[in-house]
Amino acid sequence: MATIFVADDNPHVHSMVEKSLGAEGHEIAGTMDGSEALESIAQSKPDIVLLDSTLGELNAFDTCREVLSLPGMEKLRVVLLAGPLETIDSTEALQAGVSTVLQKPLDPAVLSELVGDGGDGAEGSKSKPPAVDLLVHQALGDADSQQLRNAIHKQVEAVVNASIPSLVDHITDRLAEKLKPK
């Protein structure tokens, strides 16, 4: 089993990773504070780091470089977590040592596959979502706009459906805490 470190200021991300990967027996550690991220990662010596691209004042690319320069961390996989509409400079990410970029909301099945494959993330080790293939085909003129819309709709629906259980748990926990008798 892998040790996964989550550096993200969104409690929903932590909850979803804990519920999906923790349930599979992986050890989960993390921080929601960007200023603690580097030291906490160095102390926990994880196999994989899920690093929010916008964690406070933290520069994700600089953090990735620093973490990978630490003794014994050269083989660490750093997965950059990007917002749903955020674009990441792939050249800069590659130069910083980022292994993979995942868009939020996170899909538990994709996380499981990422960790379950031993964390090697080899290119081509997993199939692309149909929407990605159709976007490529659309750029080449092989797909009509309705096919593209249907494929994107299917992918968005799958991600939302996968995220709903942990979101419901998170909201329930927050409401229960706020409404708890004092």
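Scroll up to find the structure this text is about.
Source: prediction; values computed, not measured.

Regarding the overall build of the protein chain
- The helix and strand inventory of the protein chain stands at seven helices and five strands.
- Along the protein chain, from the amino end to the carboxyl end, the secondary structure elements read β-α-β-α-β-α-β-α-β-α-α-α.
- Looking at the protein chain as a whole, 37% of its 182 residues are labelled buried.
- Of the contacts formed within the protein chain by residues at least 6 apart in sequence, a portion of 61% connects residues at least 24 apart.
- Surface summary for the protein chain: the accessible area is close to 10600 Å², and the carbon and sulfur share equals 55%.

Looking at the pairing of strand β2 (residues 27-31)
- Alignment of strand β1 (residues 3-7) against β2, held across five bridges, turns out to be parallel. Along β2, the bridge assignment pairs F5 with A29.
- Taken together, β1, helix α1 (residues 11-21) and β2 constitute a β-α-β crossover, and its handedness is right-handed.

Observations concerning a nonpolar patch on the surface
- Together, I152, V156, V160, I164 and V168 line one region of the surface with nonpolar side chains, adding up to about 370 Å² of accessible area.
- For V168, the location among the structural elements is in helix α7 (residues 145-179).

Thresholds applied
Residues numbered from 1 in each chain as written. Predicted model: local features only at pLDDT ≥ 70, side-chain atom pairs only at ≥ 80, totals over all residues. Heavy atoms only, no water. Helix = DSSP H or I, 4+ residues; strand = E, 2+ residues; numbered from the N terminus. Buried < 20%, exposed > 50% of the residue type's maximum accessible area, 1.4 Å probe, protein only. Contact = heavy atoms within 4.5 Å. Areas by Shrake-Rupley, 256 points an atom, 1.4 Å probe, with all protein chains shown as cover. Pairing = 2+ DSSP bridges. Right-handed = clockwise from strand over helix to strand, strands pointing away. Patch = residues over 30% accessible without salt bridge, like charges linked within 9 Å, V, L, I, M, F, W, Y side chains within 5 Å. Salt bridge = Lys/Arg side-chain N within 4 Å of Asp/Glu carboxyl O.

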